[in-house]
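Working through the structure, step by step
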Amino acid sequence: MSTLEQQLRKLADKTLASELGGGAERIAKQHSAGKMTARERIDTLLDPGSFIELDRFVTHRCTDFEMASQKILGDGVVTGYGKVNGKIVYVFSQDFTVFGGSLSGAHASKICKVMDLALKTGCPLIGLNDSGGARIQEGVESLGGYAEIFWRNVQSSGVIPQISVILGPCAGGAVYSPAMTDFVFMVEGSSYLFVTGPDVIKTVTHEEVTKEVLGGAETHAEKSGVTHFVYPSEKTCIEGVRRLLSLIPHNNLDALGATVSADPVDRDCLNISKIMPDTSAKPYDMRLVISDCVDDGEFLEVQPEYAKNIIVGFSRLGGRTIGVVGNQPAHLAGCLDISASMKAARFVRFCDAFNIPLVTFVDVPGFLPGVAQEYGGIIKHGAKLLYAFSEATVPKLTVITRKAYGGAYDVMSSKHIRADFNFAYPTAEIAVMGPEGAINILYRKELAEAEKKEKLQEERSRLLEQYKETFANPYKAAELGYIDEVIKPEDTRRRLAMCLEALEGKREKRPSRKHGNIPL
Ligand code: HXC
């Protein structure tokens, strides 16, 4: 055997060893828990045959706890790059079969290397997380490794999309990298995110809670809003990442071109008039309005289970990606509360950072009143959405379908905070407050008089009609130019598509500054 042949065999042996991770037994345990291995996950994520691995022979440097004799090639994380939908992405995938996927200094360095490459080359970074957290044997070196990752998450924020897929435990400080990325994906029944686990909680606060209830997918989808997408299996979850990547740009300078859509941009939106109820007090599903307007009715909703009173997600119009924000009258009458404001604000900021035009559908009775909301800080949280829409310089289109009352009118991408084109349906009601509340304040004396004369109902109806006629319509706003056009619902799609085309060259500069100070 020639020297080269010998060396090639050595390379093949080492390569094979590196692919075994923590060994066949631990791989079988991973499979029996319904989980894929780190490499199987990468294969599911990337276009077939496109993965190029880096650092497969890296090992840890720890000598304490007899670790010098326990070196495993790759040290618990598979890193590299490959293609999703034909475009390069960088990826790391933690290998739970090696020290529980725990993070050593070497493991962290491998992740940092792909993070640096992703940022330098303007490609998305996808982290497949399955880890017991800091490698206990390494102590502070592991903590330093985490901080290196956190720092890079912040440098990359708004430059490249960062996606975290949680496919196992994710505890302690390990949660903070996913929290700083743009989108968090979880799997029902096998993903967990918590700062302190059930045992610590029991010791400190005496609360008893399972890890599923504490930090499972459902909890983070519905209660905390930490996760954006939940899927029933690892495979569907990773396919969900591919779908999201097909809709968003690769970096903040990427001119995401239009795809070809078979759905004509000038088709009538025939469903909207049927969806909208006759009376303004009745709920309807804003999702159906959105579906009627966008290409082929396709809408990737983000955080569908959290703050259901507002809808956010990605779609295409005339083949161009758009970010959609919509009040949801079917839940809490579509009012703005703390959770809805935070959810929509973060989404708006993502779209603005990555040049995705915003289309906003408005049907909002106002901010949710209540002591809990005031104590919880609705003032500063509501201000987040106001801030986000105000700072956004991407094309902004607004359609008021029905209610646009009070401060919420201003917040929901109004003309005054620099939306480019604002439309309203003839059914729109744009005023300081709804008719009931308004006449109670404006006509307190008259109503009291009418009550004495036992004519309260008649008088109330008359005043309500008068108020609706005067204010609860789109025409006052249209007179002032706050609404560019009152449109028929069936014209929505063609009008929005035309506006997007008209705004393609939009350039808007803000004053130079280090950064703004969004209310946090
Ligand atoms: C070293 C670890 C480890 C860790 C797990 N292992 N976590 N090794 N450091 N953090 C090893 C186990 O010893 C075991 O090795 C193998 O991984 C699988 O672990 P099991 O416990 O057998 O698996 P399972 O029953 O599925 O439980 C998984 C787990 C549990 C829930 C993650 O292992 C666990 O609670 N680990 C500790 C979690 C933790 O407290 N991490 C530190 C958080 S603090 P063998 O050889 O038996 O296969 C933190 C600070 C970061 O992360 C701060 C940054 C700012």
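Relevant structure appears above.
Keep in mind the model is a prediction, meaning the values are calculated, not measured.

**Observations regarding the overall build of the chain**
When its secondary structure is counted, the chain shows 21 helices and 16 strands. Counting only C-alpha atoms and orienting by the principal axes, one finds that the chain spans roughly 105 × 55 × 45 Å. Among the 520 residues that make up the chain, the fraction classed as buried is 51%. Expressed as a percentage of contacts within the chain between residues at least 6 apart in sequence, the contacts between residues at least 24 apart total 73%. Across the chain, 60 positive and 65 negative side-chain charges occur, with their mean positions spaced 3 Å apart.

**Some words on the site of the ligand**
Contacts to the ligand come from 18 residues, most closely from R26, G100, G132, A134 and I136. Note that a nitrogen atom of the ligand is positioned 2.6 Å from one of the backbone N or O atoms of G132. Note that a nitrogen atom of the ligand is positioned 3.2 Å from one of the backbone N or O atoms of I136. Burial of the ligand by the protein chains amounts to 53% of its free accessible area of 1000 Å². Broken down by secondary-structure element, the contributors of at least two residues to the shell around the ligand are helix 2 (24-32), helix 5 (140-156) and strand 5 (162-171).

**Quick look at unusual backbone geometry**
Unlike most non-glycine residues, D75 shows phi in positive territory, near 50°. Among the structural elements, D75 can be located in the loop between strand 1 (52-54) and strand 2 (77-84). Exposure remark for D75: the relative accessible area of 0% places this residue in the buried category.

**Digging into the pattern of salt bridges**
As enumerated under the stated definition, the model contains 35 salt bridges in all. Here R287 makes a salt bridge to E301, at a shortest N to O gap of 2.6 Å. Highlighted residues: R287 in helix 12 (residues 286-293) and E301 in strand 9 (residues 299-302), separated in sequence by 14 residues. Overall, E301 belongs to the buried group, its relative accessible area being 12%. The network of salt bridges with shared partners includes D263, R267, D292, D295 and R493.

**Considerations on helix 3 (residues 38-45)**
Residues A38, R39, R41, I42 and L45 constitute the buried set of helix 3. The buried residues of helix 3 all sit within an arc of 160° when viewed along its axis, so they share a single face.

**Re the pairing of strand 6 (residues 183-187)**
The element strand 6 is largely enclosed, with a buried count of 5 among its 5 residues. Summarising the sheet, strand 5 and strand 6 pair through 4 bridges and their orientation is parallel. Paired with V165 across the strands is F185, a residue of strand 6.

**Brief notes about the packing of helix 13 (residues 338-353) against helix 15 (residues 378-391)**
Closest axis-to-axis distance for the helix 13/helix 15 pair is 8 Å, and the angle between their directions is 25°. Taken as axis vectors, helix 13 and helix 15 run roughly parallel relative to one another. Both helix 13 and helix 15 take part in a crossing whose hand is left-handed. In this structure, helix 13 contributes I338, S341, M342, A344, A345, V348, R349 and D352 to the contact, and helix 15 contributes I378, H381, G382, K384, L385, A388, F389 and E391.

**So, the environment of R507**
Looking at where R507 falls in the secondary structure, it is placed in the segment after helix 21 (492-502). By relative accessible area, which is 71% here, R507 ends up exposed. Expressed as a C-alpha distance, the spacing of R507 and V209, which sit 298 residues apart in the sequence, is 51 Å.

**Brief notes about the state of the cysteines**
Counted by the stated rule, this structure contains 0 disulfides. Not part of a disulfide, C293 finds its nearest cysteine sulfur in C269, a span of 4.1 Å. Unpaired in this structure, C351 has its nearest cysteine sulfur neighbour in C293, at a distance of 17 Å. Judged by relative accessible area, which is 0%, C351 ranks as buried.

**Details of the packing of aromatic side chains**
This structure, assessed with the given rule, holds 11 aromatic pairs. Ring geometry for F314 and F347: centres 5.0 Å apart, planes at 50°, overall tilted. Of this pair, F314 sits in strand 10 (residues 310-317) while F347 sits in helix 13; the two residues are 33 residues apart in sequence, bridging distant segments of the chain. Of the two residues examined, F314 and F347, each falls in the buried class. Members of the aromatic cluster, joined through ring pairs, are F183, F185, F229, Y231, F314, F347, F350 and F354. If you follow K14 out to its NZ or CZ, it ends over the ring of F57, 5.2 Å from the centre.

**Regarding the side chain of S18**
Of note, S18 is situated in helix 1 (residues 3-19). For S18, a relative accessible area of 3% translates into the label buried. A distance of 2.8 Å separates the side chain of S18 from the side chain of R56, its partner in a polar contact. Sequence-distant contacts of S18, defined by excluding residues within four places in its chain, comprise R39, R56, F57 and L73.

**Here we look at the nonpolar core**
The biggest cluster of nonpolar side chains holds 64 residues, and the ones touching the most others in it are F185, F314 and V325. Ranked by residues supplied to this core, first place goes to helix 13 with 7 residues.

**Overview of a negative patch on the surface**
Together, E188, E212, E218 and E222 make up a region of like negative charge exposed at the surface. By secondary structure assignment, the location of E222 is in helix 9 (residues 217-224). By relative accessible area, E222 is classed as partly exposed at 37%.

**Considering the environment of K223**
By secondary structure assignment, the location of K223 is in helix 9. Under the relative-accessibility criterion, K223 is labelled exposed at 64%. K223 sits 213 residues away from K10 along the chain, and the two C-alpha atoms are 52 Å apart. Those residues in contact with K223 that sit more than four places away from it in its chain are E218 and Y306.

**Overview of the pairing of strand 11 (residues 320-327)**
Along strand 11, 7 of the 8 residues are buried, which leaves the element largely enclosed by surrounding structure. Pairing between strand 10 and strand 11: 8 bridges, direction antiparallel. In the sheet register, I311 faces strand 11, and the bridge partner there is G326. Counted between consecutive antiparallel strands, the loop separating strand 10 from strand 11 contains 2 residues, among which G318 sits at a positive phi close to 60°. Between the parallel pair strand 11 and strand 12 (residues 358-364), the chain is carried across by helix 13, and the sense of this crossover is right-handed.

Cut-offs and rules
- Residues numbered from 1 in each chain as written.
- Predicted model: local features only at pLDDT ≥ 70, side-chain atom pairs only at ≥ 80, totals over all residues.
- Heavy atoms only, no water.
- Helix = DSSP H or I, 4+ residues; strand = E, 2+ residues; numbered from the N terminus.
- Buried < 20%, exposed > 50% of the residue type's maximum accessible area, 1.4 Å probe, protein only.
- Contact = heavy atoms within 4.5 Å.
- Lys, Arg positive; Asp, Glu negative; His and termini not counted.
- Charge placed at Lys NZ, Arg CZ, Asp CG, Glu CD.
- Near = heavy atom within 4 Å.
- Polar contact = N/O pair within 3.5 Å; in protein donor to acceptor, adjacent residues only side chain to side chain.
- Areas by Shrake-Rupley, 256 points an atom, 1.4 Å probe, with all protein chains shown as cover.
- Salt bridge = Lys/Arg side-chain N within 4 Å of Asp/Glu carboxyl O.
- Arc of directions from axis to C-beta.
- Pairing = 2+ DSSP bridges.
- Axes fitted to C-alpha atoms, helices over the stretch in contact; angles between N-to-C directions.
- Parallel < 35°, antiparallel > 145°, perpendicular 65-115°, else oblique.
- Left-handed = near helix turned anticlockwise from the far one by under 90°.
- Disulfide = S-S within 2.5 Å.
- Phe/Tyr/Trp six-rings, centres within 6.5 Å; stacked < 30°, edge-to-face > 60°.
- Lys NZ or Arg CZ within 6 Å of the ring centre and 35° of its normal.
- Core = buried A, V, L, I, M, F, W, Y, C linked by side-chain atoms within 4.5 Å.
- Patch = residues over 30% accessible without salt bridge, like charges linked within 9 Å, V, L, I, M, F, W, Y side chains within 5 Å.
- Right-handed = clockwise from strand over helix to strand, strands pointing away.

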